[in-house]
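# Summary of structural features
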There are 2 protein chains.
Amino acid sequence: MPVDQGLRLAESVSETRQWDRLMELARIGAIPGDGVNRQALTALDRQARRLMIAWAEEAGATVSVDDAANLWFRVEGRIPGATPLLTGSHMDSQPAGGRFDGIYGVMAGLEILCALKDSGLTLDRPLEVVAWTNEEGSRFAPGCMGSMAWAGTKPLAAFAETRDAEGIRFADALAEQLAAEADLPRRPLGGQAHAYIEAHIEQGPKLETEALDIGVVTGIQGSRWLTVTITGASAHAGTTPVSLRRDAMQATMRAIAALNTLTADPTDVLRFTVGSLTVEPGSSNSVAGMVRFTIDLRHPDAVVLAAIGDAVAATVAEAALPCVATIEERFSAAPLDFDADLVTAVREAAETLGQSWSLMPSGAFHDAQLVAGAVPSAMIFVPSRAGISHNPAEFTSAAQLAAGTRVLAAALASQSRVTN
Amino acid sequence: MPVDQGLRLAESVSETRQWDRLMELARIGAIPGDGVNRQALTALDRQARRLMIAWAEEAGATVSVDDAANLWFRVEGRIPGATPLLTGSHMDSQPAGGRFDGIYGVMAGLEILCALKDSGLTLDRPLEVVAWTNEEGSRFAPGCMGSMAWAGTKPLAAFAETRDAEGIRFADALAEQLAAEADLPRRPLGGQAHAYIEAHIEQGPKLETEALDIGVVTGIQGSRWLTVTITGASAHAGTTPVSLRRDAMQATMRAIAALNTLTADPTDVLRFTVGSLTVEPGSSNSVAGMVRFTIDLRHPDAVVLAAIGDAVAATVAEAALPCVATIEERFSAAPLDFDADLVTAVREAAETLGQSWSLMPSGAFHDAQLVAGAVPSAMIFVPSRAGISHNPAEFTSAAQLAAGTRVLAAALASQSRVTN
């Protein structure tokens, strides 16, 4: 498709329709403060998918679902048998999430399907829009299960026994979702694609701070997710002298302080987060016998990430004494560079559309990180107000979202020509 | 009752019967490692009470229950209208508790009822054994609700809206208990008594360390229970630079470190415990937006307790910046001195029975602390192996428990004579 056709497709993107539909979806699982709690494989997730399916069918797409409950919308291209272009993201939210994280990328793909229909344009290649299952990992850890299973990074069966906080197995939640969507055609996991481009909110402050429209994402920093269990001895809070305690809570304080020192980074690039912590027995008048907490560690440099991550166990073990610390690594993803040609295509699309842009790495991980193992991939960021995300206050304006979708449309169109 | 009759009553205490019954009770709510999880106003609590009621009736006691579900066993004395002697403790356990905390004191009272029957002795005064409701405070905070309501420290209605972790109201749980025990005669809350003596495990290491049989308890250190809420801003763990976060978890680390400094005590008398901590949203890849944790602070000196407790709010508020900290005081009990004559009576009973003893304050709070506001009170401690309590490993030998019950019998007997 020549550049002017990419421009025409971009011009057919409707800022209003996209925004109104995002707001309609945000009512499903709405929480106070404009937030959304719509976690993976829940009834609310299914309700949101039904709405999206109706819009996709209205746009002339065929709908299908795969064994990981990834949801697919497809429109055919002009060239029979051509490998498809792929775009999308995820529809699940954090427990106290916002209205844009994930769902924007799926909506941008849907809006391009609508723009194709409205403009009467046809791409050479088929276009597929996908909503990946359980990107967030907040209900079932780790995240990105759907894209991992599709890309072949891990077999779907590897997640079967994972349980949510209520003890529900992932395999059972998945089976419930598939049963509820048994009316949809089933497609196999995996497959070929020519290119994958994912649009997403930045979830950081860079674009807003530098007053830019578009982040041309060069890659994704690496992540390591660890769980630390510190075991002491529960005892009576009133009678046990402090000097004689093996207090798992105090050991945790020392461990986190030591980890703060280990992860201290004057350049403020390394991200170290303890986001979850549970105590047993958890009684106000009992010394803690056991504390379990999570570590989320991220850095764009594989060498730094490996060195810091590998030092966690010894750091925690020493700080926790006389309590005993054990470490489990739940998830790790190496830093990734996106496909250079596709990054260039995104940059050129932004330039063609007159959008200001910057090359930048992604601070968050995304389904694109997994898809990139199977398909040339890239990402497009739009600004996040105050860099806030994973929070009800998450916000990107309708115009900013539409600009991102237009760049996505033009970038996808640029990859549509079948050259062989 | 002359001393030799107190001796005869003490000699009728059966070490074996008392131990066997404690072990039978420990099967109700048994948890791994010889522990017990039998919290207040649960089905397990009611099951244990039924067993105790059967034994009390077998010993010839009349059974009744008051509006706070305190459970009463009474045998009449020789002198009509004499105010009763009172003994007892509580039957509820910590979530991961042991086999002796609380239940021993009720069992010791029951054993003395049996000893009275077996010996054919009759005290001048009625003897009442009471099991106070919800001493532990681990299901419904604060603890000692039953004894507070009985002693008039707080009206029962003050606890009605307190909820457990599952959202159940105290008033509803209490109503359920009273309905299940509607076959028992109801007696009014409150009343007069001549003296209250409570037997309990020490829950600390002093008696074992000094190879003593009996702790003659002089008083109870004061307690202050606070809840701290630290509010920051939840954000994405991967994208939000550490320097820009308002991380409630890291603020909590700083607050607890500052509290450790505030409460540092080279004499190891002050007890500072953070036993419960919850995080919101509690997702491993979200910066914590809110942390709530408990403080349990105890000291035998009212001045010290007031000074440290009053300094908590400012200490936490400063350390938590830029997060915001709020403090709620859930419970406070001033240090208490027991009735001097009754303490002497306990000491003399120990001496008469040839038991080694030491005067000591109580590190834990007990129902006696509340009862003392209405009735002259004292306590008897027996050793706790390694000082361990609020833990399945809690242990006192059958012989040590029997020694305590014999001292309790002799001490109660010494208070039986009606002199006016």
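Being a predicted model, the structure only gives us computed values, none of them experimental.

Reading the values: rules and limits
- As a convention, each chain's residues are numbered from 1 in the sequence order in which they are written.
- To read the labels, note that chains go from A and ligands from 1, taken in the order they are written.
- The predicted origin of the model limits local features to residues at a pLDDT of at least 70 and limits the giving and counting of side-chain atom pairs to 80 or more, whereas totals for whole chains, interfaces and linings rest on all residues.
- As a rule here, side-chain values come from all non-hydrogen atoms in the structure, and water together with hydrogens is ignored.
- UniProt positions are given in the numbering used here, feature names are shortened, and annotations may be inferred rather than shown by experiment.
- Only DSSP runs of H or I with at least four residues qualify as helices, and only runs of E with at least two residues qualify as strands; both kinds are numbered from the N terminus onward.
- Residues count as neighbours in contact if any of their non-hydrogen atoms are within 4.5 Å of one another.
- Using a 1.4 Å probe, buried area is obtained as the accessible area two parts lose upon being combined, added over both of them.
- Contacts described as polar in this section are N or O atom pairs within 3.5 Å, which, within protein, must combine one atom able to donate a hydrogen with one able to accept it, while residues neighboring in sequence count only if both atoms come from side chains.
- Each residue gets one of three labels from its accessible area relative to the maximum for its type: buried under 20%, exposed over 50%, partly exposed in between, using a 1.4 Å probe on protein chains only.
- Helix span is expected to be 1.5 Å times the residue number reduced by one.
- As used here, the arc is the angular range of directions from the helix axis to the C-beta atoms.
- Helix axes use the C-alpha atoms of the stretch in contact, all axes being lines fitted to C-alpha atoms, and the angles between their N-to-C directions lie in the range 0 to 180 degrees.
- Our angle categories are set so that under 35 degrees counts as roughly parallel, over 145 as roughly antiparallel, 65 to 115 as roughly perpendicular, and the remainder as oblique.
- Handedness of each helix crossing follows the sense of rotation of the near helix against the far helix: counterclockwise by less than a right angle gives left-handed, clockwise gives right-handed.
- Each pair of aromatic rings taken from Phe, Tyr and Trp, with Trp reduced to its six-membered ring, is defined by centres within 6.5 Å and is described as stacked if the planes are under 30 degrees apart, edge-to-face if over 60, and tilted in the remaining cases.
- A positively charged side chain is recorded as over a ring if its NZ (Lys) or CZ (Arg) lies within 6 Å of the ring centre. The angle to the ring normal must also be within 35 degrees.
- For this analysis, a salt bridge means a side-chain nitrogen from Lys or Arg found within 4 Å of a carboxyl oxygen belonging to Asp or Glu.

This part takes up the UniProt feature "domain: Peptidase M20 dimerisation" (unreviewed entry) in chain A. Annotation from UniProt places "domain: Peptidase M20 dimerisation" (unreviewed entry) at residues 219-320 of chain A. With 33% helix and 32% strand, the stretch residues 219-320 of chain A has end C-alpha atoms that lie 36 Å from each other.

To continue, consider the interface of chain B and chain A. Many analyses report the size of an interface as the accessible area lost when the parts associate. Listed by partner, the interface residues are 56 residues for chain B and 56 residues for chain A. Looking only at chain B, the three residues that lose the most surface to chain A are His236, Thr239 and Ser284 of chain B, adding up to 13% of its buried area. Summed over the shared surface of chain B and chain A, the number is 40 residue pairs in polar contact (both at pLDDT 80 or more). Sorting the residues of the side of chain B that touches chain A by element identifies strand S10 (235-236), helix H8 (248-263), strand S11 (271-273), strand S12 (277-280), strand S13 (286-287) and strand S14 (290-299) of chain B as the ones contributing at least two each.

Moving on: the environment of alanine 165 of chain A. All names here are of chain A. For alanine 165, the position within the fold is in the loop between helix H5 (145-151) and helix H6 (170-180). Alanine 165 sits in the exposed class, given a relative accessible area of 89%. For the pair alanine 165 and phenylalanine 140, spaced 25 residues apart in sequence, the C-alpha to C-alpha distance is 8.4 Å.

To continue, consider helix H10 (residues 340-352) of chain A. All names here are of chain A. Counted at 1.5 Å a residue, the expected span for H10 with its 13 residues is 18 Å, and the 18 Å between its end C-alpha atoms agrees. Where H10 is concerned, the buried positions are Leu342, Val343, Ala345, Val346, Ala349 and Ala350. Here the buried residues of H10 occupy an arc of 155° about the axis, which is enough to place them on one side. Facing away from the buried side of H10 by over 90 degrees, the exposed positions are Ala340 and Asp341. Of the surrounding elements, those touching the buried residues of H10 are strand S7 (195-201), strand S8 (214-220), strand S17 (357-362), strand S18 (377-382) and helix H12 (398-414). Following H10 by one or two positions, glycine 354 adopts a phi angle in the positive range, close to 70°.

Attention now goes to the packing of helix H2 (residues 15-26) of chain A against helix H4 (residues 103-119) of chain A. Residue and element names in this part refer to chain A. The N-to-C vectors of H2 and H4 enclose an angle of 140°; their axes lie 10 Å apart at closest approach. The orientation of H2 relative to H4 falls into the category oblique. Remark: the crossing between H2 and H4 carries right-handed chirality. When H2 is examined against H4, the residues Arg17, Gln18, Arg21, Leu22 and Leu25 are found in contact with a partner set consisting of Ile103, Tyr104, Met107, Ala108, Leu110, Glu111, Cys114, Ala115 and Asp118.

Glancing now at the packing of aromatic side chains. Enumeration according to the criterion identifies 24 aromatic pairs over all chains in this entry. With a centroid separation of 6.0 Å and an interplanar angle of 90°, the aromatic rings of phenylalanine 100 of chain B and phenylalanine 395 of chain B are classed as edge-to-face. Taken as a pair, phenylalanine 100 of chain B in the loop between strand S5 (85-90) and helix H4 (103-119) and phenylalanine 395 of chain B in the loop between strand S18 (377-382) and helix H12 (398-414) lie far apart in primary sequence, 295 residues in all. Since its relative accessible area comes to 0%, phenylalanine 100 of chain B is described here as buried. According to the relative accessible area criterion, phenylalanine 395 of chain B is partly exposed, its value standing at 22%. Every member of this aromatic cluster is reached through a ring pair, and the members are Trp72, Trp132, Trp150 and Tyr196 of chain A. Taking the ring centre of tryptophan 72 of chain A as reference, the NZ or CZ of arginine 187 of chain A above it sits at 3.7 Å.

All names here are of chain A. Going through the model one piece at a time under the given rule, you end up with 38 salt bridges over all chains. Taking the shortest distance from any N to any O, the salt bridge between glutamate 176 and arginine 46 comes out at 3.3 Å. Of this pair, glutamate 176 sits in helix H6 while arginine 46 is found in helix H3 (residues 43-58), placing the two residues 130 residues apart along the sequence. The class for glutamate 176 is partly exposed, based on a relative accessible area of 45%.

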